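# Coordinates in review
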Amino acid sequence: MIYIKKLQLQHIIDQAKNEFPNECCGFLAGYKSEQDIHIEKIWVLTNIDKSSEHFSMDTKEQFAAVKDIRNEDMIVIGNYHSHPYSPSRPSEEDKRLAYDSTVLYGILSLEKEEPVFNLFSINKDKKVEKLECIVD
Ligand SMILES: [Zn+2]
């Protein structure tokens, strides 16, 4: 099972609203046990595209974040971004850019009044799987 901390999910929602109408992005960090994945903390990154339809994470910030995450004895579980006007599922571009089937992709949609967050994995054939996740 996959768990994400409620406060961290709230941080993603706040960031997405602050950066609206652009997409926001960042890393999901935490740890994996034999059975479970725990998302403990998010790392906010800059969307250098400044776009509502796509995002690119600032490379320098990515390196710094990976270092910080290691220093806190966590690992990068995946990344997240927001969809200001579209549903919480990977776009064609998201699928095209998904290069690692072990990475989890979080997508927060602000399309409706109530934000919707889902986690996905995307395999090498670009098949998308929606993963169940518990907010705790
Ligand atoms: Zn997307």
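For the structure itself, consult the block above.
One structure accompanies this document, and this report is about it.

Rules of the game
Residue numbering note: each chain is counted from 1, following its sequence as written. Given that the model is predicted, a residue must reach a pLDDT of at least 70 before its local features are reported, and side-chain atom pairs must reach 80 or more before they are shown or counted; all residues, however, enter totals for whole chains, interfaces and linings. Values reported for side chains reflect all heavy atoms of the structure, with hydrogen atoms and water molecules removed beforehand. The donor set comprises N, O and S atoms within 2.8 Å of the metal, extended to 3.2 Å for Na, K and Ca; water molecules are omitted, so apparent gaps in a site may simply reflect that omission. Four donors are marked tetrahedral only if all angles between them lie between 85 and 135 degrees, whereas four are marked square planar and six octahedral if opposite donors are more than 155 degrees apart and the other angles lie between 65 and 115; the remainder are marked irregular. Only protein chains enter the accessibility calculation, which uses a 1.4 Å probe. A residue is then buried if its area is under 20% of the maximum for its type, exposed if over 50%, and partly exposed in between. Secondary structure elements follow DSSP: runs of H or I no shorter than four residues count as helices, runs of E no shorter than two count as strands, and numbering proceeds from the N terminus. Between any two strands, at least two bridges found by DSSP are needed for them to pair. Think of it like this: strands point away, you trace from the first strand over the helix to the second, and a clockwise trace means the crossover is right-handed. Axis lines are fitted through C-alpha atoms, for helices just across the contact stretch, and the angle between N-to-C directions can take any value from 0 to 180 degrees. Any two residues having at least one pair of non-hydrogen atoms within 4.5 Å are treated as being in contact.

## Observations concerning the coordination of the zinc ion
In this structure, His-81 (NE2), His-83 (NE2), Asp-94 (OD) and Asp-94 (OD) serve as the protein donors to the zinc ion, at separations of 2.0 to 2.7 Å. Taken together, the four donor atoms coordinating the zinc ion span angles of 54 to 159° at the metal, a pattern that classifies the geometry as irregular. On the basis of relative accessibility, which here comes to 3%, the residue His-81 falls in the buried class.

## Here's the deal with the pairing of strand β5 (residues 104-109)
Across the six residues that make up β5, a large majority, six, are buried. Burial along β5 is two-sided: the face carrying Leu-104, Gly-106 and Leu-108 and the face carrying Tyr-105, Ile-107 and Ser-109 are both buried. Looking at chain direction, strand β4 (residues 75-83) and β5 are connected through six bridges and run parallel. Residue Gly-78 lies in a different strand from β5, and its bridge partner there is Leu-104. Between β4 and its parallel partner β5, the chain crosses via helix α3 (residues 92-97), and the hand of that crossover is right-handed. In this structure, β5 lies alongside strand β6 (residues 116-122), joined through five bridges in antiparallel fashion. Across the sheet, Ser-109 pairs through a bridge with Val-116, a residue of β6. Once β5 ends, the chain turns through six residues before running back antiparallel as β6.

## Regarding the sheet that holds β4
Strand order in the open sheet formed by eight strands is β7-β6-β5-β4-β2-β3-β1-β8, with mixed pairing between adjacent strands. The open sheet is flanked by β7 (128-131) and β8 (133-135), the only strands paired with a single partner. If you compare each strand with its neighbour and ignore which way they point, the axes differ by 35° on average. Relative to strand β3 (residues 37-45), helix α1 (residues 6-19) is tilted by about 25°, and along the sheet it contacts β1 (2-4), β2 (25-32), β3, β4, β5, β6 and β8. Of the strands in this sheet, β2, β3 and β4 are in contact with helix α2 (residues 59-71), which crosses β3 at around 145°.

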